[in-house]
Structure formats: structure tokens, C-alpha cells
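# Coordinates in review
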Amino acid sequence: MLHLLQKPLEAAQPSRRSFLKISAGTIGGLVLAMNLPRAAQAAAGDGELVQPFVHIRPDNTVIVLSKHLDKGQGTATGLATLVADELDASREQVSAEFAPSNPQVYANTLFGVQGTGGSTAMANSFMQYRQAGAAAKAMIVAAAAKDWDVPAGEISVSNGVVSHASGKSATLGELAGLAAAEDVPAEPVLKTPDQWVYIGKSFPRVDVKNKTVGAPNTYTMDFQLDGLLVATVARAPRFGGKVKSFDATEAKKIPGVVNVLQIPNGVAVVAKSTWPAIKGRELLEIEWDDSAAETRSSDVMMAELKDMTTKPGLKVREDGDIDAALEASARVIEEDFDFPFLAHGAMEPLDVAISFDGENAELWLGSQIQTIDHNVAATVLGIPFEKVKINTLWAGGSFGRRAQADAHPVVEATTLAKAMRADGMDAAPVKIVWTREDDMAGGYYRPMSAHKVKVGLDENNNVTAFKYTIAAKSIIKGTPFEQMLMKDGVDHNMTEGAHDTTYAFPMMNMDQAFQETQVPVLWWRSVGHTHTAYVMETMIDRLAKEAGKDPVAYRLEMLKDDPRKVAVLKLAAEKAGWDTPPADGRYRGVAVHKSFGSYVAEIVEISFRDDDTVKVEKVIAAVDCGTPINPDNIIAQVEGGIGYGLGAILRNQVTLTDGVVEETNFDTYEPIRMSDMPEIEVHIVASNEAPTGIGEPGTPPIGPAVANAIAAAKGNWVTSLPLAKNGLV
């Protein structure tokens, strides 16, 4: 798959080295300087100012082109906020659209390709979009100065109105055509923080209106074109299975079914609408070849993982002779943890629409990594990169599910489009729809994992050595990202949040081992942090107990060299009233963790119902994500991350029986319910640091915080998730 990512890009974009060099400087100014003048001049006659990131139209609307997919995390609103502030536009005139697939212009500067993930949207776009807004404003002011014959320094812009002391004024839209003829400033002057109007305040969501009124074609699921056909695909019930033979006689009898075609990963039923496509698929008779498929059950796979943790693995971190240090310790605490496969459970399952006439292709989908989708489509269809157009639509959630290294939904859509042409069908557009069951049982899970921790203590119960071994299937190994993200064979996605811990251990070693299985795995909201934070934070609580110290005080002592983590922990403890006892019948737990550059501390209060199951009553969170662009969105993302993580630890798991997935819908993979949700307070640390991620960091601390509260009540830590397995839910 690596060639699909690299080869077509050789002619389409600068090298990754070039992007890294640009991102270290002023990428926004450089991109504008490289790409803007010709586009701006071309739009001058239309009365419109066109930049790669900003369009100002004659009707006085300002369109911000989001290079990142917005799947509910508020990225489009954040980018619109940055542009609106530097442009001094009014909130009401600013909206957002998705940028076209063009890695030369819209690359994620931290990836080198166009894509969204790892909570990087604001981190890599903060300066870029501010510069785009500032450049557009400078061009508007220059145009007004020439038209009014006044010095540019005497012109002001506020709330979308350009004005001069002489009484002359105009809207941004009225000046857009003139501004298009102006030179683009390579390094436009940016506002200082004290001049910000929107940044740091709550800017209204730009997607609320369309989503509220149900605007057509907002999501791929409701996307329509004239003559659009709908397809469902029967895929192997076991991962790695193949079609041996099939009979579509009964399926073709369903009114509305147009054709049944075999594609590499299954059998596609093409129909005039979704319902006959589903009903036709139900009537397919398929014999599957499982000779290369995964046929093991989850318990067998977990036993293999646990055995791997007992043996030396690949060295991730090695401070010294850990075994000798443990042997010399007064005593050693050993603990095993295990975590199940988890599905992403996004509310909109996967879906892709495609139109292909044999020479040109156009696709519509919630594309999270446009460059991979674009290259894969061109490669499968056998047409040049420039003959493919990717239209990014809003996505109804992702949590990592749409960030595919293999672009398998696009592979399905393009192979089906080719099969339809090969079968002599008219060049009608077609949309492949995944049902909930398809998405839930279709794999691409958070990896199942096993962890073993050994901690040495001296006579005073101080830590002498910390040994950590983890076994799981690698998300990165064997993907187009392996060359970029794995050094010396190490997958840091698996160990992040542990190998880079800032707890002051005298010695820490960490090993990893990779399980081989046909079950496909993928990034899941906060990736490796979802399990390493649980292990680290529950072990820290246990070590605090061994040392006879308060859990917060113990952490503060162990984190003395990490001031930002100390600050969020102190803030959460203060707001939670940690130094005062909780109400009768309630118990507290704490966890603090850094992920994606952001620091989050969470303190929970739990109670127990009459049947001794756990009710999470309250969560106090403190977050430091650098400069807060939109406080409301930060709060929403932390609240959502807490809810998502809480749902996972309460009940969620994906299990296999003889290789077949057991949980196929929300009746067996139960999402968090309103009755499960606690009261949540989110406190944001004021910061002048560069913005960091917020879509994921709220998720990792909730699990261990709840586990530590349970331990405060029961004396024991839960080491095997979900809690339902332990009779606590």
C-alpha cells in the first residue's frame, strides 16, 4: 500500500522534506505566496476574492475552506474563528466549506499529506489560517486605499465593515473584486492576543444551521444525485475470508435490484434504493473460503497476548538493567491488565458515492485522509491523479474509523464502479452504504491488548524500578505509515502515554510485542493512550497507597518536573474540593494524563446502587490545551471525550467466537445512556502556549479515575475491562 501513498504524489506535491521545512517557518505566508496571485487575479472580474483558504464573495459572505474533515469535533468552526478574527469579519457572514483534495495546498503540515487526525487540526493550522485571514484583510485595505485615495494606515476594519474617517465605508464583499488585483503579502501582520475579538471566546458553530434543518447532502448517508444507485456488500463473516461461489438468483427477484456483482472483498447488490439493496443481499447464497481467515475466539487470542507479555519483547525504552534492579528491590508488585477490541460506533456508518465514466471519477464521502483516498481511487481506476475529484462531506462521527490507511471504503466504491462498467451497465453514479451491522462487525477496531507491569519498591515503599510490557496488534505495521511512523520497528502508537511518562521513576524499561491476526485494527479515539493511561494511572494510585500517601499529593511529588501537568492536577483538585471529604456514600478517584500535546486531569465521584453497581455521579476536569481558541468547543469536546471513554469502560467490548464477531449493533454493543452520564465541570487553564489537540485528550483519564474511585471504596483495582465483566455495571 505504501506506493499508493507516495507514487502519485511525486508530481502532485513537494517532498515531505519540503513540507517539514515550510511548517517550521511561515507555512501560511509561503502557501499564499505560491498559490494565491494567479487565483486572485482570475477572480477579479467576478467581484470575488479567492484564496486557497478564504473566499470573499460579492454577496458579502466569507467562506473559509477547511482542509480538515469536521466529523463533529468543531474543526471547521475553529478555522472559521481564526480567519474571522484576523479578517475582522462579522460572525454572521462567515461560514465554512471543505477544501478540495489538493495535497500541495492543503496538506496537514504535521503529516505531509492532506488529512485529519491525532488532534492536530488546530495545532498545524493556527498560524496558517490566521495568516490567510490577515492577508485577505491587507488586500482589502490596500484596495480601499487606492479606490478612496487615502492612506492605508487610516483605514479600519471592524465587524465586516471597512471605513475611513472621511465617512467612506464599504463591506468586505463590495471591495472583494478590487482586492483580488492586489499583491498577496507573504508575511501579513498578525494581531497580538490583546487585539483578538473572537479567539479565546465562543464563536457559534458554523454547521449548526444545516444540521438543524436537515439540509440536503450534508452527510454522505443522505447524499443524492440524479440517477444515483445504492449498493450493499456481503462481506466474509470471518476476517480474511474470500468468496468461493455465490448464487444471486433469489436476490435478483427483489423489485428494485439492478445487478449483483462480485468484487474483491465480497458480493455487491446494486439497487435503485437502499431497502432493495439490503433485502437482495439477505437472499444471496454465498459459500465462503475461510482457509486464510482468522478462526480463533477472543479468549484464545487474549491468552496468546498474555503469554507474549511474559517474554522479552522489542525494546521501546531501556533505562538500565531492569531485572537486576527488580531483583535488588525489597519487594516487587506485579499486575496484569487486559483490554478488549473496541468498535468506534460512529452514528453515521461508512458510505461512499462515486461517479465514473471511464475517464473521470468524482467521489463524495466524509474523507478523513483525502490524499490516501485520492491516490487509491486513481490507482484502482487506472486514471491520472488529476482525473479524480474528492468531495469531502460532513461526517456523522468518526473517532478514528474514517482515518483508514488502506482507504477500504474507497477501494470498494472504485472496484464496484469498474465492475459495473465491465458488466456493460450505464455510467450511473452509485453509493455504497454500510449498515450498522456492517460497520460494527466489519473490523478496524481498537486493538485487543495485554499488559504486564512489575514495580520494585525499597524498604520505604519508594519506587526503584518500573517494568512495563505490552502486547497487541500494531496499528501501523504493514500500512503506508510504517516507514514514516515506525523507527527500528517500534510502534509508539501502542506505547504512547507510558514510554514517555514524566513520572520520576529511577528506572523504567518498556517492551512491546506484536500479535499477528487477520482482524483489522485502527486508531480509536486517543489511540494507545486509552489503555496506557489506564495502566499508568491505576498503578500510580496503587503505589500511592503502598507509600501511605494521598493520591493527588503523591502525583504532585512524582511530577515535580512537569509543571503543566502539575497545574491541571492542582486546578482539578481545587475545583473538586479534594481536601474535603466527599458526601456519605460517595468515593473519589483521580487521574491526570498528557496526550496530543494537551494536559487533562479528571476527578470523579462515584456511588453504588442497591445492586452494588457503579454510578459515576460527577466529573471535574481541568484542561491545558495551549491557547484556547473556542472555550465552548473545548468544553464540548472534553465532555464528549469523557462520555465516550466512560461508555467504553462500562460495557463495551467486541468479542469473536470462532472468528465471527458477536456484537453487531447497539443492542449488544451498548452505547452510554443518559442515565450513565455524570454531571461534568470543565475548567480551562489560561495559556499563551501554542494550541494543541482537544478532540481526544478528554478520553484517557476517565477510565482510571473511575477505577481509582472504585478502589477507594473496595480496596481493589479493576484490571480487566469492561467493568460489566466484573459485575460493576
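For the structure, see preceding data.
It should be emphasised that the depicted structure is a prediction, and the values quoted were computed from it without experimental measurement. (Residues numbered from 1 in each chain as written. Predicted model: local features only at pLDDT ≥ 70, side-chain atom pairs only at ≥ 80, totals over all residues. Heavy atoms only, no water.)

By size, the foremost hydrophobic cluster in this structure holds 146 residues, and its most contacted members are Leu363, Leu416, Phe466 and Tyr468. Take this core: its biggest share by element is 8 residues, from helix α20 (residues 631-650). When sequence neighbours within four positions are dropped, the list of residues in contact with Leu416 reads Ala231, Leu261, Ile263, Ala268, Val270, Val430 and Ile432. The next biggest cluster of nonpolar side chains, apart from the first, holds 53 residues, and it includes Leu82, Met122, Ile140 and Ala176. (Core = buried A, V, L, I, M, F, W, Y, C linked by side-chain atoms within 4.5 Å. Buried < 20%, exposed > 50% of the residue type's maximum accessible area, 1.4 Å probe, protein only. Helix = DSSP H or I, 4+ residues; strand = E, 2+ residues; numbered from the N terminus. Contact = heavy atoms within 4.5 Å.)

With that out of the way, let us pick up the layout of surface pockets. As a volume, the second largest pocket reaches approximately 1400 Å³. Taken together, 49 residues line the second largest pocket, and the ones lying closest to its centre are Phe239, Gly240, Gly442, Tyr444 and Pro520. When contributions to the lining of the second largest pocket are tallied by element, the ones reaching two or more residues are β8 (229-235), α13 (408-422), α14 (436-441) and β26 (660-661). If you tally residues by element for the lining of the second largest pocket, the top one is α13, at 4 residues. Along the lines of polarity and charge, the residues of the lining of the second largest pocket split into 23 nonpolar, 15 polar and 11 charged. (1 Å grid on protein atoms, 1.4 Å probe; cavity = no way out; pocket = protein on both sides within 12 Å on 5 of 7 lines; lining within 4 Å. Points joined across faces, edges and corners; volume = space filled by probe spheres on them. Nonpolar A, V, L, I, M, F, W, Y, C, P; charged D, E, K, R; others polar.)

Taking burial as the measure, the 5 residues of strand β17 (residues 388-392) include 4 buried ones, the bulk of the element. Inspection of the sheet shows strand β16 (residues 361-365) paired to β17 by 5 bridges, in the parallel sense. Considered in β17, the bridge of Ala361 is made with Val388. The parallel pair β16 and β17 is bridged by helix α12 (residues 370-381), and the resulting crossover is right-handed. (Pairing = 2+ DSSP bridges. Right-handed = clockwise from strand over helix to strand, strands pointing away.)

Let's shift gears to the sheet that holds strand β5 (residues 156-158). One open sheet holds the 3 strands; their spatial order is β5-β6-β7, and the pairing between them is antiparallel. The outermost strands of the open sheet, each flanked by one partner alone, are β5 and β7 (169-171). Taken pair by pair, the neighbouring strands of this sheet meet at an average axis angle of 20°, ignoring direction. Pairing of β5 with strand β6 (residues 161-163), which is carried by 3 bridges, proceeds in the antiparallel orientation. By the bridge assignment, Val157 is partnered in β6 with Val162. (Axes fitted to C-alpha atoms, helices over the stretch in contact; angles between N-to-C directions.)

Position of Ala428 among the secondary structure elements: in the loop between α13 and β18 (430-433). A relative accessible area of 23% places Ala428 in the partly exposed class. Separated by 72 residues in the primary sequence, Ala428 and Phe356 have C-alpha atoms spaced 7.8 Å apart. Sequence-distant contacts of Ala428, defined by excluding residues within four places in its chain, comprise Gly227, Leu229 and Met420.

Let us now look at the packing of helix α4 (residues 75-87) against helix α6 (residues 121-148). Orientation of α4 relative to α6, taken along the N-to-C sense of each, is 35°, at an axis distance of 7 Å. In this structure, α4 meets α6 at a crossing whose hand is right-handed. For the pair α4 and α6, the contacting residues are Thr75, Gly78, Leu79, Leu82, Val83, Glu86 and Leu87 in the first and Ala121, Met122, Ser125, Phe126, Tyr129, Arg130, Gly133, Ala134, Ala136 and Lys137 in the second. (Left-handed = near helix turned anticlockwise from the far one by under 90°.)

Let us now look at empty space enclosed by the protein. Tallied over the full model, the rule gives 5 cavities of 30 Å³ or more. By volume, the largest cavity is sized at about 130 Å³. Lining of the largest cavity is provided by 16 residues; of these, Arg446, Thr530, Ala648, Ile649 and Leu721 occupy positions nearest its centre. Considering each element in turn, the lining of the largest cavity owes the most residues, 3 residues, to α20. Taken together, the residues that form the lining of the largest cavity break down as 10 nonpolar, 5 polar and 1 charged. Here the second largest cavity defines a volume of roughly 80 Å³. Of the residues in the lining of the second largest cavity, the class split is 5 nonpolar, 5 polar and 3 charged.

With 14 residues, helix α19 (residues 563-576) ought to run about 20 Å at 1.5 Å a step, and its terminal C-alpha atoms sit 20 Å apart, in line with that. Against the buried residues of α19 lie α18 (551-558), β22 (587-595), β23 (598-608), β24 (614-624) and β27 (679-684). Among the residues trailing α19, Gly577 stands out with phi positive, at a value near 65°. (Expected span 1.5 Å × (residues − 1).)

The tally for this structure, following the rule as stated, stands at 16 aromatic pairs. A ring pair is formed by Tyr503 and Phe505, whose centres lie 6.2 Å apart and whose planes are at 35°; its orientation type is tilted. What makes Tyr503 buried here is its relative accessible area of 5%. When its relative accessible area of 8% is taken as the criterion, Phe505 is described as buried. What links up through ring pairs into an aromatic cluster is the set Phe53, Tyr106 and Tyr129. (Phe/Tyr/Trp six-rings, centres within 6.5 Å; stacked < 30°, edge-to-face > 60°.)

Looking at α18, one finds that the buried residues are Val552, Tyr554, Arg555 and Met558. Along α18, the residues classed as buried sweep out an arc of 160° about the axis, all on the same side. In this structure, the buried residues of α18 make contact with β20 (463-472), α17 (529-547), α19, β22 and α21 (702-714). A distance of 2.9 Å separates the backbone nitrogen of Val552 from a side-chain oxygen at the start of α18, and that oxygen is part of Asp550. (Arc of directions from axis to C-beta. Polar contact = N/O pair within 3.5 Å; in protein donor to acceptor, adjacent residues only side chain to side chain.)

So, about the environment of Ala513. Relative to the elements of secondary structure, Ala513 occurs in strand β21 (residues 508-514). Counting along the chain gives 200 residues from Ala513 to Gly313, while the straight-line C-alpha distance between them is 5.3 Å. In this view, Ala513 contacts Met308, Ile470, Ala471, Ala472 and Met494; residues no more than four positions away in its chain are not counted.

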